[in-house]
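The chain contents come next:
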Amino acid sequence: NPEDDGSVISSDSAYGHGTTSEDIDADLAVNTPPTSRLHRCQDTCPIGCRGNQRPSEIIIFESKCNKRIIKPGVKVSIENPVNVFFRPTHFKRVGGRGIKSTRSKASSSRATSWNQNGGLPEPEAMPQRVAVLLEKPPVSRQEALKHAWNPQDRSFNVRLSEQDPFTIRRQPVAQSTDSARTLTGYSTGLHVMEVTWPIKQRGTHAVVGVATDKQILHSVGYSSLIGLSDQSWGWDLKRLKAFHNSMQVQGTDYPAVREKDFNVNESFHLVLDCDAGTLAFAQAGKWLGVSHSNLKGQTLYPAMSSVWGHAEVTLKYHGGMARGEVPKLMDLSRICIKRACSDVASLPIPQCLKNFLTNNANSDP
């Protein structure tokens, strides 16, 4: 019986004539409340209209039964169409208006799904441009000096190291929080800095981040000064919190996805993407995710704040990319090969390619 199994029926029972008003009313009663309908459906409405589709709306359905709609040997053409008796209980909607939003929600749900490794969500993948920069050697010393700490833009309790222009030292002053900014501020491009802060010199409030030129660099008492106002964005290495305007807004856990025993290494990377308007961090080649967003349209300086006496913080500019600059295919290939093979020296490839994979000088293949 074609009304029961959805099999092929004769052309006399056309698609529109095969669906009765009772079928439409039954479908409406099950799926759509009367208050959401724009009109009363008729047999000329598209299947699945439910009172709110245009007459030309295309809805895609998939059969739930495993029986063949087209019998073997039947040739479908304009002269020989196949008309299927439609029963809503035999089909499920898989396409048409409204499906996209449903799929996007499903994708979002999958993105935050929990894996089987300790019940943690899957971490974000490192952006390609950041991965390429971290694979490359750091810029020259002369170039890095242009991005070092600014000896004129610091708290009076912070001194620039005489032995190392990339290192600052906080004087042992009680009930004081002291900060410093770099020489260069950034408003465009991608910029990566390596930060070195000995773990035993962090104290109760050790913060690294970015700030505008309006952020104050000294306060009485102990606080996470970078991130305290609306002029700075900071990561508290001790509390593992991301702060911005924390006098009014509570900080957020960062990294959002981490193991219970997670700790910040002595050295890590600060990643400022002015084009995307984000601040992020990475350590040991692992992406920790975005700590702050909505940073576009501002000139931002890497900054730190400390409360620990004799704390020494080193910041070296690793490299950057201009706005619109995209990674080269060779650089992306290098990353993929090195991730797949940890021992490059054992690969059966020419020495010039091995030099290229290890970033040796004059190694372009």
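Use the structure listed above.
What comes next is a walk through the structure. None of the values given here were measured: they were computed from a predicted structure.

**Things to note about the pairing of strand 12 (residues 232–236)**
Working step 1: Extensive coverage of strand 12 is indicated by the burial of 5 of its 5 residues.
Working step 2: Where burial is concerned, the two faces of strand 12 agree: the one with Ser232, Gly234 and Asp236 and the one with Trp233 and Trp235 are both buried.
Working step 3: Relative to strand 12, strand 10 (residues 207–211) runs antiparallel, the two being bridged by 5 bridges. When the sheet's bridge partners are listed, Val210 is paired in strand 12 with Trp233.
Working step 4: Where strand 12 lies against strand 13 (residues 241–244), 4 bridges are found, and the strand directions are antiparallel. Across the sheet, the residue bridging to Gly234 is Phe243, located in strand 13.
Working step 5: Between strand 12 and strand 13, which pair antiparallel in sequence order, lie 4 residues; one of them, Leu240, sits at a positive phi of approximately 55°.

**A few points about helix 7 (residues 329–340)**
Working step 1: Under the 1.5 Å per step criterion, the end-to-end length of helix 7 is 17 Å for 12 residues, consistent within 8% with the ideal 16 Å.
Working step 2: What helix 7 keeps buried is the set Asp331, Arg334 and Ile335. Buried residues of helix 7 fall within an arc of 95° about the axis and therefore sit on the same side. Along helix 7, exposed side chains directed more than 90 degrees from the buried face belong to Leu329, Cys336 and Ala340.
Working step 3: Contacts from the buried residues of helix 7 go to helix 5 (128–135) and helix 8 (351–357).

**Here's the deal with the sheet that holds strand 16 (residues 278–283)**
The strands that make up a sheet pair up through hydrogen bonds in the backbone, lying either parallel or antiparallel.
Working step 1: Taken in spatial order, the 7 strands of this open sheet run 6-7-19-9-15-16-17, and their pairing is antiparallel. Either end of the sheet is taken by a strand with one partner, and the two such strands are strand 6 (158–160) and strand 17 (286–292). For this sheet the average axis-to-axis angle between neighbouring strands, irrespective of direction, equals 25°.
Working step 2: One ladder, built from 7 bridges, connects strand 9 (residues 190–196) with strand 15 (residues 267–273); its direction is antiparallel. Across the sheet, His191 pairs through a bridge with Leu272, a residue of strand 15.
Working step 3: Of the strands in this sheet, strand 9, strand 15, strand 16, strand 17 and strand 19 (312–321) are in contact with helix 5, which crosses strand 19 at around 115°.

**Points about unusual backbone geometry**
Working step 1: Cis geometry marks the peptide bond from Tyr254 to Pro255; its omega dihedral reads -5°.
Working step 2: The topology assignment puts Pro255 in the loop between strand 14 (252–253) and strand 15.
Working step 3: Despite not being glycine, His310 has its phi angle at roughly 70°, a positive value.
Working step 4: As for its position among the elements, His310 is in the loop between strand 18 (301–306) and strand 19.

**Remarks on the nonpolar core**
Working step 1: Ranked by size, the top nonpolar core spans 36 residues in total, and within it Trp235 and Phe281 carry the most contacts.
Working step 2: When contributions to this core are tallied by element, the ones reaching two or more residues are strand 9, strand 10, strand 12, strand 15, strand 16 and strand 19.
Working step 3: When neighbours within four sequence positions are excluded, Phe281 is seen to be in contact with Val208, Trp235, Tyr254, Phe268, His269, Leu270, Trp287, Leu288, Gly289 and Ser291.

**Here we look at the side chain of Ser306**
Working step 1: Relative to the helices and strands, Ser306 resides in strand 18.
Working step 2: Among the polar contacts made by the side chain of Ser306, one reaches the main-chain amide nitrogen of Trp308 at a distance of 3.2 Å.
Working step 3: Once you skip the residues sitting within four places of it in the chain, Ser306 turns out to touch Arg170, Ser176, Thr177, Asp178, Trp197, His205 and Ala311.

Criteria and cut-off values
- Residues numbered from 1 in each chain as written.
- Predicted model: local features only at pLDDT ≥ 70, side-chain atom pairs only at ≥ 80, totals over all residues.
- Heavy atoms only, no water.
- Buried < 20%, exposed > 50% of the residue type's maximum accessible area, 1.4 Å probe, protein only.
- Helix = DSSP H or I, 4+ residues; strand = E, 2+ residues; numbered from the N terminus.
- Pairing = 2+ DSSP bridges.
- Expected span 1.5 Å × (residues − 1).
- Arc of directions from axis to C-beta.
- Contact = heavy atoms within 4.5 Å.
- Axes fitted to C-alpha atoms, helices over the stretch in contact; angles between N-to-C directions.
- Core = buried A, V, L, I, M, F, W, Y, C linked by side-chain atoms within 4.5 Å.
- Polar contact = N/O pair within 3.5 Å; in protein donor to acceptor, adjacent residues only side chain to side chain.

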